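Remarks on the overall topology
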Amino acid sequence: MRKISKFLLLLAVFLVLGENCFAIPFEKKLRKENECAEYAAIADAYYDQKNYRKASEYYEKARKAPKFYDAMTYKLACSKALGGEYAEAKDLFAELLAKEPSNRTLRESLAYSTVMSGEIEAGADLYESLAIENPEDGNLLRNYIKVLIASGQLEKAEQQLAEYEKLFSKDADTEALRNKIKAKAEPPKEETAEAETTSDSEPSDNETAADAKTEEKTAEVSAEKTEKPAEKNKEPEKAEPEEIEEDLIPDFTQDFD
């Protein structure tokens, strides 16, 4: 009976030791990494199909393995940017840039997503620093000029365009940019036409003009009296970020390779 008990005890010890000895080291970690690698492959396939929403969904899953976190976060940020989710892309690029402050690709990506998220002046500052540090890159300077035009900094845009033409000569692109600056500087045609119509309709008779002014003053006084208290205290609505014209959007062609 004692021999049987000893045998069973030895068998139990052997089974426990065998399970520990033959288990694959870090098996759980490896399984997680393999799972994330599969998610990454699915995400890449969706990206190739330009289905950036689904690509983002799977890149989010793929970055849960610490080994892949930075690479998948970059791909996620690119998918967000290409899918029009610029604010989310900006935050992701900023997170990565905090780890690699000198990474030019990340800086350009952050500049682009900052502009597209509506923070045009902040984006212009980022492009300015990039253009200063990389004077040989005409694309950077051209994108900087586009952002200056979009933000209404036309005088500065003119100066940078002149500098661009000194460095890289004139071409069809510079002509198009100069036309954009001129168009932005000129008042809209509708406002000009409205001003001309108003001027033509002014009364030539002094007495009629005086009567018109009196009626206008009476209307203003009446409006002030009837104005509701709630409307007086009403806070002004926040202005929406200025929309950027399609052909002023800088290129965003980051490769995943």
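Owing to the predicted nature of the structure, the values given are computational and were not obtained by experimental measurement.

With that settled, consider unusual backbone geometry. Across the chain, the bulk of peptide bonds are trans and the bulk of non-glycine residues have phi less than zero. Despite not being glycine, Lys50 shows a phi value in the positive range, around 65 degrees. As for its placement among the helices and strands, Lys50 is situated in the loop between α2 (27–48) and α3 (52–62).

Here the focus is the environment of Ala124. With respect to the secondary-structure elements, Ala124 resides in helix α7 (residues 120–133). Not counting the four nearest positions on each side in its chain, Ala124 is found in contact with Val115, Tyr144, Val147 and Gln153.

Below, the discussion takes up the packing of helix α9 (residues 154–168) against helix α10 (residues 172–185). Between α9 and α10, the shortest axis-to-axis distance is 11 Å and the interhelical angle comes to 165 degrees. Between α9 and α10, the crossing angle belongs to the class labelled roughly antiparallel. Considering the relative orientation of α9 and α10, their crossing is left-handed. Of α10, the residues touching α9 (which contributes Leu154, Ala157, Glu158, Leu161, Tyr164 and Glu165) are Thr174, Leu177, Arg178, Ile181, Lys184 and Ala185.

Right, let's talk about the nonpolar core for a bit. Tyr59, Phe93, Tyr127, Ile145 and Ile149 are the most contacted members of the largest nonpolar core, which totals 45 residues. At 8 residues, helix α8 (residues 138–150) tops the list of elements feeding residues into this core.

Moving on to the environment of Tyr59. Here Tyr59 lies in helix α3. For Tyr59, a relative accessible area of 0% translates into the label buried. Put simply, Tyr59 and Lys75 are 16 residues apart on the chain and 6.9 Å apart in space, counted from C-alpha to C-alpha.

Of all residues in the protein, 63% attain a pLDDT of 70 or more, and the chain-wide mean is 76. Low pLDDT, under 50, characterises residues 223–250; the stretch is placed with 23 contacts to residues that sit more than four places away or in other chains. Counted against residues more than four places away or in other chains, residues 253–257, with its pLDDT under 50, gives 13 contacts.

Okay, α3 next. Inspection of α3 places Tyr52, Lys54, Ala55, Ser56, Tyr58, Tyr59 and Ala62 among the buried residues, and these make up the whole buried set. Residues of α3 that are buried sit in contact with α2 and α4 (69–82).

Parameters and conventions
- Residues numbered from 1 in each chain as written.
- Predicted model: local features only at pLDDT ≥ 70, side-chain atom pairs only at ≥ 80, totals over all residues.
- Heavy atoms only, no water.
- Helix = DSSP H or I, 4+ residues; strand = E, 2+ residues; numbered from the N terminus.
- Contact = heavy atoms within 4.5 Å.
- Axes fitted to C-alpha atoms, helices over the stretch in contact; angles between N-to-C directions.
- Parallel < 35°, antiparallel > 145°, perpendicular 65-115°, else oblique.
- Left-handed = near helix turned anticlockwise from the far one by under 90°.
- Core = buried A, V, L, I, M, F, W, Y, C linked by side-chain atoms within 4.5 Å.
- Buried < 20%, exposed > 50% of the residue type's maximum accessible area, 1.4 Å probe, protein only.
- pLDDT = per-residue confidence, 0-100.

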